[in-house]
Amino acid sequence: PLEVASMLAKAEADLPSIMTGLLHDTVEDTRATLELVTERFGPEVSALVDGVTKLSRLELAREMQPGVQPALQASPALKASPADTAGGQEPSRSEKQAANLRKLVLAMSQDIRVLVVKLTDRTHNMRTLRYVGSHSSRRLKAEETMGIFAPLALRIGMYTVAAELET
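Only a predicted model underlies this, so the values are computations on that prediction, with no experimental measurement involved.

(A) Main features of the side chain of Ser 17. Along the chain, Ser 17 turns up in helix H2 (residues 15–23). Among the residues examined, Ser 17 registers a relative accessible area of 2% and is labelled buried. Filtering out sequence-adjacent residues up to four positions away, Ser 17 remains in contact with Leu 8, Leu 48, Arg 113 and Val 117.

Dropping the structure here:
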């Protein structure tokens, strides 16, 4: 978290974003609650932390789905919808990927700073990827980064971040 906050400060992010960079793992990794974050740091920072936490939970849910790989940038599945599933069948892997990507974009639309903090956190994660134990975990993170996070960074104009995520 300290490195994420430092990266945000170097990018001249606003103070609530920098504070969110420091606190983004707090609700997930400690006994702290969003209520406590609101009490100590205010509703703006709490809302940002909540948004980043929701994106992290979305990632975790994706990782826990057996056989589900990250959506590829150019995948036609990005246009798929669970409503398109014929006869009430279980959504395909591509449909699930598209739904997860839409959730990510929807979460971003609440406040763009949520995505800025998340992309900064992902950049830091990729810088330290060599310390992740298993090859399959490293590969999954890298594929998810290339398929979802790098294109989103490009879409919102974070070109330097996108370039780093793609290398």
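(B) The arrangement of the environment of Glu 3 in detail. For Glu 3, the location among the structural elements is in helix H1 (residues 2–10). Along the sequence, Glu 3 and His 124 sit 121 residues apart, while their C-alpha atoms lie 7.4 Å from each other.

(C) A look at the packing of helix H7 (residues 112–127) against helix H9 (residues 159–166). The N-to-C vectors of H7 and H9 enclose an angle of 30°; their axes lie 10 Å apart at closest approach. Compared by their axis directions, H7 and H9 come out roughly parallel. Between H7 and H9 lies a crossing whose hand is left-handed. Counted together, Leu 119, Arg 122, Thr 123, Met 126 and Arg 127 of H7 and Val 161, Glu 164 and Leu 165 of H9 form the full contact between these two elements. Partitioned by chemical class, the residues of the contact of H7 with H9 number four nonpolar, one polar and three charged.

Cut-offs used in this document
- Residues numbered from 1 in each chain as written.
- Predicted model: local features only at pLDDT ≥ 70, side-chain atom pairs only at ≥ 80, totals over all residues.
- Heavy atoms only, no water.
- Helix = DSSP H or I, 4+ residues; strand = E, 2+ residues; numbered from the N terminus.
- Buried < 20%, exposed > 50% of the residue type's maximum accessible area, 1.4 Å probe, protein only.
- Contact = heavy atoms within 4.5 Å.
- Axes fitted to C-alpha atoms, helices over the stretch in contact; angles between N-to-C directions.
- Parallel < 35°, antiparallel > 145°, perpendicular 65-115°, else oblique.
- Left-handed = near helix turned anticlockwise from the far one by under 90°.
- Nonpolar A, V, L, I, M, F, W, Y, C, P; charged D, E, K, R; others polar.

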